[in-house]
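Coordinates in review
Okay, here's what each chain looks like letter by letter:
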Amino acid sequence: MKQFSTRFSIAVHTLSLIAYTPNECTGDYIAASVNTNPVVIRRITGMLKKAGLVEVRPGVGGASLLKKPEEITLLDIYKAVHVIEDNQLFRFHEDPNKRCPVGRNIESVLQAEMSDAQSAMEQRLAQTTLDQLTAKFE
């Protein structure tokens, strides 16, 4: 089964870390916390910067939030790192047998259900802010 990209969880981790420890957030510090290569963090941070969520300081380095944590939702982060393609979370298999009544109709029948499921998930992500997450850290 294909899973979501890890970009979303890494982006949430990155922004949570910046919100939680704003003065220490260099790329190396974030990479150590995520336990990944700093190149991955630079790529994700670039996406977050493009979305207007972070500012990255050149030279010495480091990142800071451009919005208050209570203004950043999980949906904002989800959209910033392009978890889905063409605004569709669910994909359909290609080229089902059109001579079969199931193959001929499966995409059109399932499309509304999958669209509703995606909307429900996005609505839920919109209800959770970064500060709500960081409040749960010890």
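Quick summary incoming for the structure in this document. In this text the structure is predicted, and so the values were computed from the model without any measurement.

Quick notes on the rules
Here the residue numbering is sequential within each chain, running from 1 through the sequence in written order. This being a predicted model, a pLDDT of at least 70 is required before a residue's local features are given, and a value of 80 or more before pairs of side-chain atoms are given or counted; all residues contribute to the totals for chains, interfaces and linings. Computation of side-chain values: all heavy atoms of the structure, hydrogens and water removed. Secondary structure elements follow DSSP: runs of H or I no shorter than four residues count as helices, runs of E no shorter than two count as strands, and numbering proceeds from the N terminus. Between the two quantities, the radius of gyration covers C-alpha atoms and the globule rule is 2.2 Å times the number of residues to the power 0.38. The contact definition used throughout considers only heavy atoms, calling two residues in contact when any of these lie within 4.5 Å. Just so you know, the count uses Lys and Arg for positive and Asp and Glu for negative, and it drops His and the chain ends. Charge positions are represented by NZ for Lys, CZ for Arg, CG for Asp and CD for Glu.

Quick word on the overall build of the protein
Counting its secondary structure elements, the protein contains six helices and two strands. Helices (α) and strands (β) of the protein occur, in sequence order from the N terminus, as α-α-α-β-β-α-α-α. The C-alpha atoms of the protein give a radius of gyration of 18 Å, which is well past the 14 Å a tight globule of 138 residues would have. Principal axes of the C-alpha set define a box for the protein whose edges measure 65 × 30 × 25 Å. Considering only residue pairs separated by 6 or more positions, the protein has 64% of its internal contacts joining residues 24 or more positions apart. The distance from the centre of the 16 positive side-chain charges to the centre of the 16 negative ones in the protein is 5 Å.

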